[in-house]
Every structure is written in structure tokens, then in C-alpha cells.
Amino acid sequence: QAAATPLKLRIVPLFFGPSRAISSMLPQVLSDVEAEFGPLETRVAPPLCPLPEGESRLVDILEAHVRGALPPDTQTDPTDDAPPKSQVLVVDHGSPVPQVTAVREWLTQQLATRLKDVPVGQAVMERRSGAEYDFNGALLEERLEQIAEASQGQPVRVVLAMQFISPGRHAGDGGDIAEIAEAVCKRHDHLEVLPSPLIGAHPLFTALLAERIRGINAD
């Protein structure tokens, strides 16, 4: 009996880094599918921001979104000791995988080289407790509290460079991040927090996905 022709699957992960969904869950799912339906010929594209080379178009998107939210008085005078009027925080969901956090760190570093007139930091929406997860960095709520207190009661705007693809339970109107920001702003009425548009809303993201698809379809 002739062997069955393998079913061709082409998979483009919508993950910024090497999430366990790619490294652990996906192989198990494919194994289960193959056991039930027969042989597969599978190609999986890299994550959206493979390190160490990274993905400059993601930086382009974050920069465009942040610049659209920054006010005209953003520029900081290097001789002025007053706290900055605006700051930027790159925010992601948080992951127990250090290589995923490294993507946020890389994006933050790249964005900081482009936004020279405004401080650029980073924060995580949520993280697991314990010193073994300290690589995740500070929680968003903690960073917003620190910025509000350091501003000495002067108005300060924080633009959140949202490292999220689409709206849902965490990002977008009424999501977890919006609730975190609202709670901190209620405690500090001089603080304004503006989440940027999400990465999937920018046309460059479509171009990035199209390139990934072409790459795994090439023979």
C-alpha cells in the first residue's frame, strides 16, 4: 500500500519570542494531529522578533505609535533639573521564559536610541512571584507609582508602548492594563497614562507577516 501523501502545514506564530506555546505546546499538538490524521509536512516560521538579530519593523511600529502620543513639549532640556514631562514604558504581558523577556529588553533598547528626547523604560503587566522570576523586571503598577512620585507633583505623561498584537483581556479598552493605569492615576491626579495603539493595527505588521509566510513557503 502506497504511503499517504503528507499534509502540508505552514505555521506563522503570533508570538514575539520563543514562547513555550511554540517550543512545547505546538510540537505536542502536531504530534497528536499526525497520530490521528496521518503524516504532516510542517514548517514553522520564526517568532516575530528572533534574537539576536531582532526585527527592526517592530521598532518602527512602536516608534510611530509613541511619537503619535507624545505632546509637543516632550523635549527635555539637559540643563534642567526638573523631572521630565513625558516618559515612555515598553509594556508586555510577562513570561516565565527569560528569552521572551529578552525581546522586550531588546525592543526597549532600540526604541531608546530613537527617542533621545524622552526617557524610555520598560515594565511587565504581570509576573510570577519569587526571585527566580526577577528577570521579568518591574510590574507596570510599580513603575507608574515610581514615576508619579519622582515627578514631585508636577504633571507627567507616561506613554505605554504596547507590545501587544491585538485587543483582548489584557490590552485594549477595559483590559487589564487600562485598569492598572486607571487605578494608579486615581492615586496621583498629576499622572496621565496613554496606551499606544497595538502593534497589529499598523500596516507594517501586515508586511512582516507576509514576509514570514513567503519565507516558509519557499522551496
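This text goes with the structure placed above it.
Residues numbered from 1 in each chain as written. Predicted model: local features only at pLDDT ≥ 70, side-chain atom pairs only at ≥ 80, totals over all residues. Heavy atoms only, no water.

1. Some remarks on the overall build of the chain
Working step 1: The helix and strand tally for the chain stands at six helices and six strands.
Working step 2: Secondary structure of the chain in N-to-C order comes out as β-α-β-α-β-α-β-α-β-α-β-α.
Working step 3: Expressed along its principal axes, the backbone C-alpha trace of the chain runs to roughly 80 × 35 × 30 Å.
Working step 4: Across the 219 residues in the chain, those meeting the buried criterion constitute 42%. (Helix = DSSP H or I, 4+ residues; strand = E, 2+ residues; numbered from the N terminus. Buried < 20%, exposed > 50% of the residue type's maximum accessible area, 1.4 Å probe, protein only.)

2. Concerning the nonpolar core
Working step 1: With 25 residues, the main nonpolar core has L48, L58, V66, V88, L107 and L111 as its most contacted residues.
Working step 2: Broken down by secondary-structure element, the contributors of at least two residues to this core are α2 (56–69), β3 (86–92), α3 (98–114), β5 (156–162) and α6 (203–217).
Working step 3: At six residues, the largest contribution of residues to this core is made by α2.
Working step 4: Once you skip the residues sitting within four places of it in the chain, V66 turns out to touch V88, L111, L115, V159 and A161.
Working step 5: Listed in part, the 22 residues of the second largest apolar core include L89, V91, V156 and V184. (Core = buried A, V, L, I, M, F, W, Y, C linked by side-chain atoms within 4.5 Å. Contact = heavy atoms within 4.5 Å.)

3. Quick look at the packing of α2 against α6
Working step 1: Remark: α2 packs on α6, axes separated minimally by 10 Å, with the N-to-C direction vectors making an angle of 170°. Considered as vectors, α2 and α6 are oriented roughly antiparallel to each other. Note that α2 runs across α6; the crossing there is left-handed. In contact with R57, L58, D60 and I61 of α2, α6 contributes L204, F205, A207, L208, E211 and R212.
Working step 2: Residues belonging to the contact of α2 with α6 are distributed by class as follows: six nonpolar, no polar and four charged. (Axes fitted to C-alpha atoms, helices over the stretch in contact; angles between N-to-C directions. Parallel < 35°, antiparallel > 145°, perpendicular 65-115°, else oblique. Left-handed = near helix turned anticlockwise from the far one by under 90°. Nonpolar A, V, L, I, M, F, W, Y, C, P; charged D, E, K, R; others polar.)

4. So, the pairing of β3
Working step 1: Summarising burial for β3: seven of the seven residues are buried, a large majority.
Working step 2: Of the two faces of β3, the one holding S86, V88, V90 and D92 and the one holding Q87, L89 and V91 are both buried throughout.
Working step 3: Summarising the sheet, β3 and β5 pair through six bridges and their orientation is parallel. In the strand pairing of β5, Q87 is matched with V158.
Working step 4: By the bridge criterion, five bridges tie β3 to strand β4 (residues 120–124) in an arrangement that is parallel. Of the residues in β4, the one forming a bridge with D92 is V124.
Working step 5: Taking the sense of rotation as the criterion, the β-α-β connection linking β3, α3 and β4 turns out right-handed. (Pairing = 2+ DSSP bridges. Right-handed = clockwise from strand over helix to strand, strands pointing away.)

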